[in-house]
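# Architecture and fold: a report
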Amino acid sequence: MESTMKEMRDGVSVLDLDPKSTVGGGVEDVYGEDRATEDQLVTPWTFSVASGYSLLRDPQHNKGLAFTQNERDSHYLRGLLPPAVVNQELQERKLMNSIRQYQVPLQKYVAMMDLQERNQRLFYKLLVDNVEELLPVVYTPTVGEACQKYGSIFRRPQGLYISLNEKGKILEVLKNWPERSIQVIVVTDGERILGLGDLGCQGMGIPVGKLALYTALGGLRPSSCLPVTIDVGTNNEELLNNEFYIGLRQRRATGKEYSELLHEFMTAVKQNYGEKVLVQFEDFANHNAFDLLAKYGTTHLVFNDDIQGTASVVLAGVVAALNLIGGSLNEHKFLFLGAGTGIAELIALEVSKRTKVPLEETRKKIWLVDSKGLIVSSRKDSLQHFKQPWAHEHEPVKDLLSAVKAIKPTVLIGSSGVGRTFTKEVIEAVSSYNEKPLILALSNPTSQSECTAEEAYTWSEGRAIFASGSPFDPFEYNGKVYVSGQANNAYIFPGFGLGLVISGAIRVHDDMLLAASEALAGQVSKENYDMGLIYPPFSNIRKISAQIAASVAAKAYELGLATRLPRPADLFKYAESCMYTPNYRSYR
């Protein structure tokens, strides 16, 4: 990926650090939350003494019925709560029981968001302890429906909304956010939300959901996370005509107006939060996503989850799958449906690293199909810049099935955002060339998946190794139960971000992505392989995130991009020690 970005930056690398652009910065644990042990008392306010009534309405410190009798006396809570005192575990059981009563996923989502707004630690306790059950609720696929209906379910603002109305005032807007010690910002402009298209201002559900996972899975403090939506309008006519739409009612701004607003935002972020704040771009349309990554990759700590995070998690799955499908990475042939250029580039980089073959050569084993057919050299002049490296010598091929028959791939990857494009004929064709075809249907939400697990297993006669972007239930075929993996970015970005934070990294380099992929692939056990899985279970995700963080941090130190000195002796233990735990604290 960095090689593509270097071309867009006229040869400038993220390792070419400009001293002027690396001054200042860093955030610190102002209130000692990371350093305090669980048995140390903390004060449940930071700026002024709160009344008991306001304390109960402060989600960061509210514990509900878990306030002890002494705490009720000390903090003016006597009489404001029923007499019962319960522990966090009982509260958790009660809430999980309530959430399980809902039949509609969106109802579960709203219930979880309500909990986050009234009791932050209990929200994260539920998410950490029930991650496999609740991940599809707070993230894909349910978050997609939540974004579509965000105007209707909108209750209490979460994060910052920066619209064209705020042009010239963005630094002032950032200062309106109550937290000063920000380590991660997830920002979207809402133009390409999952596979659902332009949802404008209602895309805020994505940064909110991502940062919930940063805390639950990666252990970053909630107070250090900031969700941001950049509202430049929407081209979605249905939203523009919807009386409940909460964003700007105008067509989407482009060109100079758009780039100036984004530049003001990026400048203000660095000015307000310093050099080491991570800005994660989320669900930007491709024509902006690659440009933003290229433009700010050498001046800011930036990461695009759709390009880099997806690439890293898919590469991890491919590397792990070699234990099931056989052969070395360079022996396989890849065919993509959709603009999966970020994934393709990272696979090519890994092959180049393993074989010492130049990147230009390793790219030749990877083929892409877009809406106009196979990307070939005769189309090069009409292609977007990020597709041009994948235009190989071949006669034109108009559709996916023809491309499968012409290329005979061993790995088929879908990143098209269009559902049911891996047809029966396509999967049968791939299966005819491979004893165990690797099929990855990555598009989200479930309705946009290129095929279902049932289709992949049935049409391949049970031979496919399958993973998808959204979860599928286990499927029984010919008496055997098949459990499919989920190529979910949540495996990568929380641990990746934690690794950047604990090392004080000031730039993201491709080698860090490769390190994250290899760390994730290394977590797949023999028991997982025996079930046909190429990803480890999410139940162990915090250990996985700590392992990824340690690998990413180690690479940052190796590349000279880390600023937290001296380097910790054991990065894995250090990562674990820095992780936020959502257990209740005892108050003075």
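Use the structure listed above.
Anyway, here's the lowdown on the structure attached to this text. (Residues numbered from 1 in each chain as written. Predicted model: local features only at pLDDT ≥ 70, side-chain atom pairs only at ≥ 80, totals over all residues. Heavy atoms only, no water.)

## Comments concerning the sheet that holds strand 7 (residues 366–370)
- Pairing is mixed in the open sheet, where seven strands are placed in the order 8-7-6-9-10-11-14. Looking at the sheet topology across the chains shown, the edges are occupied by strand 8 (373–374) and strand 14 (485–486).
- The sheet strands contacting helix 15 (residues 305–325) are strand 6 (334–337), strand 9 (411–414), strand 10 (438–441) and strand 11 (465–468), and the helix crosses strand 10 at an angle near 155 degrees.
- On top of the sheet, helix 16 (residues 341–355) reaches strand 6, strand 7 and strand 9; it is set at about 175 degrees to strand 7, its chief contact. (Pairing = 2+ DSSP bridges. Helix = DSSP H or I, 4+ residues; strand = E, 2+ residues; numbered from the N terminus. Contact = heavy atoms within 4.5 Å. Axes fitted to C-alpha atoms, helices over the stretch in contact; angles between N-to-C directions.)

## Details of the pattern of salt bridges
- Inspection of the entire model under this criterion finds 27 salt bridges.
- The closest approach of N and O atoms between R78 and D73, which form a salt bridge, is 3.0 Å.
- A residue is classified by how much of its surface remains accessible, and R78, at 47% relative accessible area, is partly exposed.
- Across the pair E428 and K424 runs a salt bridge whose closest N-O atoms are separated by 2.7 Å. (Salt bridge = Lys/Arg side-chain N within 4 Å of Asp/Glu carboxyl O. Buried < 20%, exposed > 50% of the residue type's maximum accessible area, 1.4 Å probe, protein only.)

## Remarks on the nonpolar core
- Grouped together as the largest cluster of nonpolar side chains are 163 residues, with contacts concentrated most on I185, F265, F496 and I534.
- Among the elements that make up this core, the one with the highest residue count is helix 15 (13 residues).
- Contacts of I185, omitting those with residues within four sequence positions, involve L226, V228, F265, V269, Y273, V277, L278, V279 and Q280.
- Judged by nonpolar contacts, the second largest core, of 29 residues, contains L335, L374, I427 and A441. (Core = buried A, V, L, I, M, F, W, Y, C linked by side-chain atoms within 4.5 Å.)

## Observations regarding the sheet that holds strand 5 (residues 301–304)
- The strand order across the open sheet formed by five strands is 1-3-2-4-5, and the pairing between neighbours is parallel. Edge positions in the sheet fall to strand 1 (160–163) and strand 5, since each has one partner strand and no second. Direction aside, the axes of adjacent strands within the sheet are offset by 25 degrees on average.
- Relative to strand 3 (residues 225–231), strand 1 runs parallel, the two sharing four bridges. If you follow L160 over to strand 3, its bridge partner there is V228.
- Running at roughly 165 degrees to strand 3, helix 11 (residues 205–218) makes contact with strand 2 (184–188), strand 3 and strand 4 (278–281) of the sheet.
- Where helix 13 (residues 255–273) meets the sheet, it contacts strand 1, strand 2, strand 3, strand 4 and strand 5, and its direction lies at approximately 160 degrees from that of strand 3.

Shape is all these values report; function is a separate question.
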